[in-house]
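Structural characterization, general
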Amino acid sequence: MAETKGNRPTYATDFITTDIEKVTFFGNVHIDNMMTTLLAMGNELWVQRKRQHILEALLAEKGVKPEAIEKYVATPAQEQAWAKERDVLVARLWSHHDKNTGEYNFASDWNGK
Amino acid sequence: MSKVFSRRSIMNAIGGTAAAAGFFRPGTAVAKLKKDIEPRGSNGTLERLPTLDLDSYDDFSTATRIWINGDLTRASEQRAAEILKSHGVKPTDKVSFEDTVRWVADDPIIALRSASWQRLQWHMWQELRREFHGNFDAYMSELEAADASGPGVLELNPGIEPEYTKHEIHMQPGGYTGDPFAGHLYHYGTNNFYNGTNHQDQRHTALAGAVPVPADGKVRRILDMGCSCGQQVTALKQRFPDAEVWGIDIGAPMVRYAHMRAVDLGIDVNFRHALAEQTGFPDGHFDMVTSYILHHEVTAAASLQIVKEAHRILRPGGVFYPVDIYPSPTNRSDHGTAIRHVRDWMTHRWNHERWWNDYLTTDYIGEIARVGFTLQDAAREGVGYPMVAPGGPRNPLGIKPV
Ligand SMILES: C[S@@+](CC[C@H](N)C(=O)[O-])C[C@H]1O[C@@H](n2cnc3c(N)ncnc32)[C@H](O)[C@@H]1O
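Quick notes on the rules
- Residues numbered from 1 in each chain as written.
- Chains lettered and ligands numbered in written order.
- Predicted model: local features only at pLDDT ≥ 70, side-chain atom pairs only at ≥ 80, totals over all residues.
- Heavy atoms only, no water.
- Pairing = 2+ DSSP bridges.
- Helix = DSSP H or I, 4+ residues; strand = E, 2+ residues; numbered from the N terminus.
- Contact = heavy atoms within 4.5 Å.
- Axes fitted to C-alpha atoms, helices over the stretch in contact; angles between N-to-C directions.
- pLDDT = per-residue confidence, 0-100.
- Core = buried A, V, L, I, M, F, W, Y, C linked by side-chain atoms within 4.5 Å.
- Buried < 20%, exposed > 50% of the residue type's maximum accessible area, 1.4 Å probe, protein only.
- Phe/Tyr/Trp six-rings, centres within 6.5 Å; stacked < 30°, edge-to-face > 60°.

The next subject is the sheet that holds strand E10 (residues 397-399) of chain B. Residues and elements named next belong to chain B. One open sheet holds the 8 strands; their spatial order is E3-E6-E5-E4-E7-E8-E10-E9, and the pairing between them is mixed. Pairing within the sheet leaves two strands with one partner each, and these edge strands are strand E3 (154-155) and strand E9 (374-376). Pairing between strand E8 (residues 314-323) and E10: 2 bridges, direction antiparallel. Among the inter-strand pairings, phenylalanine 320 is bridged to a residue of E10, identified as glycine 398. Contacting strand E4 (221-225), strand E5 (244-249), strand E6 (270-273) and strand E7 (286-292), helix H8 (residues 231-239) crosses the sheet at an angle of about 170 degrees to E5.

We now examine the confidence of the model for chain B. All names here are of chain B. Confidence along chain B averages 86 in pLDDT terms, with 86% of residues attaining 70 or more. Per-residue pLDDT stays below 50 along residues 1-31; that stretch engages in 64 contacts with residues further than four places along the chain or on separate chains. Predicted confidence is poor over residues 380-392, with pLDDT under 50, and the contacts of this stretch with residues over four places away or in other chains come to 32 contacts. The ipTM assigned to the predicted complex is 0.85, against a pTM of 0.87.

Residue and element names in this part refer to chain B. Within the largest apolar cluster, 110 residues are counted, with the highest numbers of intra-cluster contacts made by Leu128, Leu223, Met225, Phe271, Val289 and Trp345. Ranked by residue count, the leading element in this core is helix H4 (residues 108-134), at 9 residues. Look past the residues within four positions of leucine 128 in its chain and what remains in contact with it is Leu49, Leu54, Leu185, Tyr188 and Gly189.

Our focus in this paragraph is the packing of aromatic side chains. Applying the stated criterion across every chain yields a total of 18 aromatic pairs over all chains. Where phenylalanine 106 of chain A meets tryptophan 345 of chain B, the ring centres are 5.2 Å apart and the plane angle is 40 degrees; that geometry is what we call tilted. In this pair, phenylalanine 106 of chain A is assigned in the segment after strand E4 (104-105) and tryptophan 345 of chain B in helix H11 (residues 338-350), connecting two distinct chains. The class for tryptophan 345 of chain B is buried, based on a relative accessible area of 0%. A centroid spacing of 5.6 Å and a plane angle of 40 degrees characterise the contact between tryptophan 356 of chain B and tyrosine 359 of chain B, whose relative ring orientation is tilted.

Encoded structure:
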């Protein structure tokens, strides 16, 4: 059936969910989950570095020195907004740890459902 | 740094003249897409991802994926070869699928390859989903505005989706039918699958360029089946600007996105939400029917029925050109070998290609001849698009006898 959200048709149907989020490849779901975290960390690190490169390039164009960045004091509103963003990052890195149950096994459940 | 410019300005610059290579001929009624969300502009024909962070995230995912597909996959296959050897088996020996998988599945490098592939892909889908669902109203409004705009027709037929089309192939959340932004997810997700080499539809342009023209040279109507985001549809229109070009797909969100993209590019092509095995077009309607990587994603029954349907809707002399990953899966010389089992297992199970095993055992190429086409076995005759690697096997095609 096509679904609606509010009164707007989305034209999306029900669907058959894959079991792929419940797999352990290493026999211990926590190891699997740690790897998921590490992959996200790599991505996150690059996200930050890329932004940093752009910012520093722009700042240098405007004559801003690196010391000014080191000594910067944030306003309370900035602190609050950044804390919110930081919490989203925590969720992104760790939220899957309590969802993957590891009930399917890489070695023996190879045929799927 | 890559140059950023609006796609619309490219279209306007080209004006009514023939398209420059790599860009599209403008459609007739070019009306700027209302409510267009394009905060970071476009790079050629691709809208840049809407935030710098998402763009960088995607960029790093692609780089990681290239490592997984390259060095890590080589290491994994090397391990597979060593394990097989310890069982007295060569990678090219024909052994049972079950034995092969049982032998290799406990190896940490092979497990790492599948695990990192699968988890990286999971992250990518989640990040894309976070953007589109996190801004649901804006993106839905953009789609709604496009639904009502031209050039080109959009036809939606809610409720026609058979169960088999509702799987989360490639682990894409909601699959092709179940997420309102399935087209958005698929387009940016597959850019990542192509290792960043298809941002300007290069692959689709090459494929559209490879479709053989009917002997009488007449190309008035073209259909692309299982068109996803419509990249081949727009590429075909670019090659055949005077033809009426249609794309069909069973994912309504896919064709909505495809239509939106075409409207935004000002390209006059049409989309219908329909099954390839039951397109709803009249007998003998098209001069060309194409598809690209559709057959491996449908059931055996659907795969055969699609060939019949193509035959029905093509006119005598018309060309059927179904391109897929392996042009002739049932005749592959490596079919049933140990190393193929390892790869097929990863594709089917860990990339969630639900119908992969059907694909490997369904002779849809033979069906092209059986339903009455003249089959040109391009693998022998050397025409068609090389799918596996340059110089590798090529795609067959069917010509409806006059
Ligand atoms: C791998 S994608 C094809 C890629 C696409 N042709 C391109 O040019 O990028 C498979 C597409 O086929 C669609 N599909 C699957 N089964 C179908 C069917 N029976 N009829 C029409 N479309 C189908 C899916 O919704 C999905 O968009």
